[in-house]
Number of protein chains: 2
Amino acid sequence: MTNQITTTWLGEMKFESTNPSGQKLFIDAGEEHGGKSDGYRPKALMLSSLAGCSGLDVASLIKKMKLDVSDFKIDIDAELTEEHPKYYNKVAMHFHFYGNKLNENKLQKAVDLSIEKYCGVMEMFRQFAELKIETHFHKKE
Amino acid sequence: MTNQITTTWLGEMKFESTNPSGQKLFIDAGEEHGGKSDGYRPKALMLSSLAGCSGLDVASLIKKMKLDVSDFKIDIDAELTEEHPKYYNKVAMHFHFYGNKLNENKLQKAVDLSIEKYCGVMEMFRQFAELKIETHFHKKE
């Protein structure tokens with residue numbers, strides 16, 4: 001399978017990029033780099049890609065395993081190297097589950113299946129970053 | 001430097017993800033995977049990240065070198081492995097410059113500087129994918 005995208009310069013530091021969903025997205029630099037912040041910072045899109053890829057796995061498993069989860073979020077803290085080219089060398093990913101009937105074992109299993117088996121973006125991150133992954137469970141009425 | 005994002009489940013296969021620009025983005029699966037296509041496909045965001053990162057380098061160098069360019073776009077074709085976890089193993093990136101006064105040597109230099117020195121996302125892609133990068137110049141009045 002192939003993914004194809006086109007990214008078009010709109011002048012200054014702004015770009016428009018396609019996505020297989022059919023929706024376009026804008027990219028721009030911040031004011032400190034000559035942009036107008038009128039679009040996403042590109043490097044952080046890597047992190048949304050990682051969270052989205054793994055999040056979709058887990059959401060799919062929550063449905064398949066009929067798990068009771070009120071809320072669910074993923075926080076990512078990613079450290080960039082100081083020298084050019086600046087890449088993510090340390091990535092901490094925190095899965096937070098909220099609910100009053102959380103099946104912690106099954107949710108942990110869903111996270112593990114994504115991390116170890118399904119999430120291709122995670123597999124790519126493993127090639128350049130040291131990954132720390134933690135799962136947190138929160139009681140919520 | 002650290003990049004931090006939060007990605008929140010909105011139910012079904014939809015997520016909302018933050019970006020350091022302050023703008024949020026939505027992620028969703030396609031209908032064939034239980035989603036409603038009401039957001040970006042996460043894996044393709046990796047490619048927008050790559051094009052955006054390198055595109056910003058080149059846009060910045062076009063300005064710094066005072067180059068005359070009418071249009072500029074980056075096409076990416078990325079092949080995914082067939083087995084889980086599916087990652088990009090072959091990535092072809094085509095830089096297209098349009099104009100009637102293109103300084104081909106300097107534009108090639110700008111692309112090379114991004115690829116070899118500045119673009120951190122490119123550095124990350126090098127760790128898992130075979131990269132093919134081509135520059136194309138098109139006359140345009």
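Residues numbered from 1 in each chain as written. Chains lettered and ligands numbered in written order. Predicted model: local features only at pLDDT ≥ 70, side-chain atom pairs only at ≥ 80, totals over all residues. Heavy atoms only, no water.

A few points about the overall build of chain A
Argument step 1. Scanning chain A from terminus to terminus reveals three helices and six strands.
Argument step 2. Its helices and strands in sequence order give chain A the pattern β-β-β-α-β-β-α-α-β, from N to C terminus.
Argument step 3. The dimensions of chain A, computed from C-alpha atoms along their principal axes, are 50 × 35 × 35 Å.
Argument step 4. For chain A, with 141 residues in total, the buried portion stands at 52%. (Helix = DSSP H or I, 4+ residues; strand = E, 2+ residues; numbered from the N terminus. Buried < 20%, exposed > 50% of the residue type's maximum accessible area, 1.4 Å probe, protein only.)

Some thoughts on the confidence of the model for chain A
Argument step 1. On average, chain A scores 97 in pLDDT, and the residues at 70 or more come to 99%.
Argument step 2. The ipTM value of the predicted complex is 0.97, and its pTM value is 0.97. (pLDDT = per-residue confidence, 0-100.)

Considerations on the environment of M46 of chain A
Argument step 1. Along the chain, M46 of chain A falls in helix α1 (residues 42-64).
Argument step 2. Taking the C-alpha atoms as reference points, M46 of chain A and F125 of chain A, 79 residues apart in sequence, are found 9.3 Å from one another.
Argument step 3. Beyond its immediate stretch of four places on either side in the chain, M46 of chain A contacts Y88, F125 and F128 of chain A together with M46, S49, V121, M124 and F125 of chain B. (Contact = heavy atoms within 4.5 Å.)

Observations concerning the sheet that holds strand β2 (residues 15-17) of chain B
Argument step 1. Strand order in the open sheet made by the six strands is β6(A)-β5(A)-β4(A)-β1(B)-β2(B)-β3(B), with mixed pairing throughout. What marks the edges here is a single partner per strand, and that holds for β6 (130-139) of chain A together with β3 (25-27) of chain B. Strand-to-strand twist across the sheet, computed as the mean angle between neighbouring axes with direction ignored, equals 20 degrees.
Argument step 2. Direction of pairing for strand β4 (residues 71-80) of chain A relative to strand β5 (residues 88-99) of chain A: antiparallel, over a ladder of ten bridges. If you follow E79 of chain A over to β5 of chain A, its bridge partner there is K90 of chain A. (Pairing = 2+ DSSP bridges. Axes fitted to C-alpha atoms, helices over the stretch in contact; angles between N-to-C directions.)

Re the packing of aromatic side chains
All names here are of chain B.
Argument step 1. In the structure shown here, the tally under the stated rule is 13 aromatic pairs over all chains.
Argument step 2. Plain terms: the ring middles of Y88 and F125 are 6.4 Å apart, the flat faces sit at 20 degrees to each other, and that makes the pair stacked. Of this pair, Y88 sits in strand β5 (residues 88-99) while F125 sits in helix α3 (residues 120-126), and the two are 37 residues apart along the sequence. F125 carries the same exposure label as Y88, and that label is buried.
Argument step 3. Note on F97 and F137: the rings are 5.9 Å apart at their centroids and 20 degrees apart in plane angle, and the pair reads as stacked. Of this pair, F97 sits in strand β5 while F137 is found in strand β6 (residues 130-139), placing the two residues 40 residues apart along the sequence.
Argument step 4. Relative accessible area serves as the criterion here: at 0%, F97 is assigned to the buried category. (Phe/Tyr/Trp six-rings, centres within 6.5 Å; stacked < 30°, edge-to-face > 60°.)

Some thoughts on the interface of chain A and chain B
Argument step 1. Residue-level contacts link 69 residues of chain A with 69 residues of chain B.
Argument step 2. Of the roughly 6,100 Å² buried where chain A meets chain B, counting both sides, 64% is carbon and sulfur surface.
Argument step 3. For the chain A face of the interface with chain B, the top three residues by lost area are W9, Y40 and M124 of chain A, together amounting to 11%.
Argument step 4. Along the contact surface separating chain A from chain B lie zero salt bridges.
Argument step 5. Summed over the shared surface of chain A and chain B, the number is 26 residue pairs in polar contact (both at pLDDT 80 or more). (Buried area = accessible area lost by both parts, 1.4 Å probe. Salt bridge = Lys/Arg side-chain N within 4 Å of Asp/Glu carboxyl O. Polar contact = N/O pair within 3.5 Å; in protein donor to acceptor, adjacent residues only side chain to side chain.)

With respect to the relation of the copies chain A and chain B
Argument step 1. Mapping chain A onto chain B leaves a residual RMSD of 0.0 Å; the transformation is a rotation of 180 degrees accompanied by 0.0 Å of translation along its axis. The relationship between the two copies is best expressed as a two-fold rotation axis.
Argument step 2. In this assembly, 100% of the residues forming the interface of chain A have copies in chain B that are likewise at the interface, indicating an isologous arrangement. (Least-squares fit on C-alpha atoms with pLDDT ≥ 70 in both.)

A closer look at the pairing of strand β1 (residues 2-9) of chain B
Argument step 1. Going residue by residue along β1 of chain B, you find N3, I5, T7 and W9 of chain B tucked away on one face and T2, Q4, T6 and T8 of chain B left uncovered on the opposite face.
Argument step 2. Two elements, β4 of chain A and β1 of chain B, share seven bridges in a ladder whose sense is antiparallel. Looking at the pairing, D75 of chain A lines up with T6 of chain B of β1 of chain B.
Argument step 3. Pairing between β1 of chain B and β2 of chain B: three bridges, direction antiparallel. What sits directly across from T7 of chain B, in β2 of chain B, is S17 of chain B.
Argument step 4. Hairpin connection between β1 of chain B and β2 of chain B: a loop of five residues separates the two successive antiparallel strands, and G11 of chain B in this loop has a positive phi of roughly 95 degrees.

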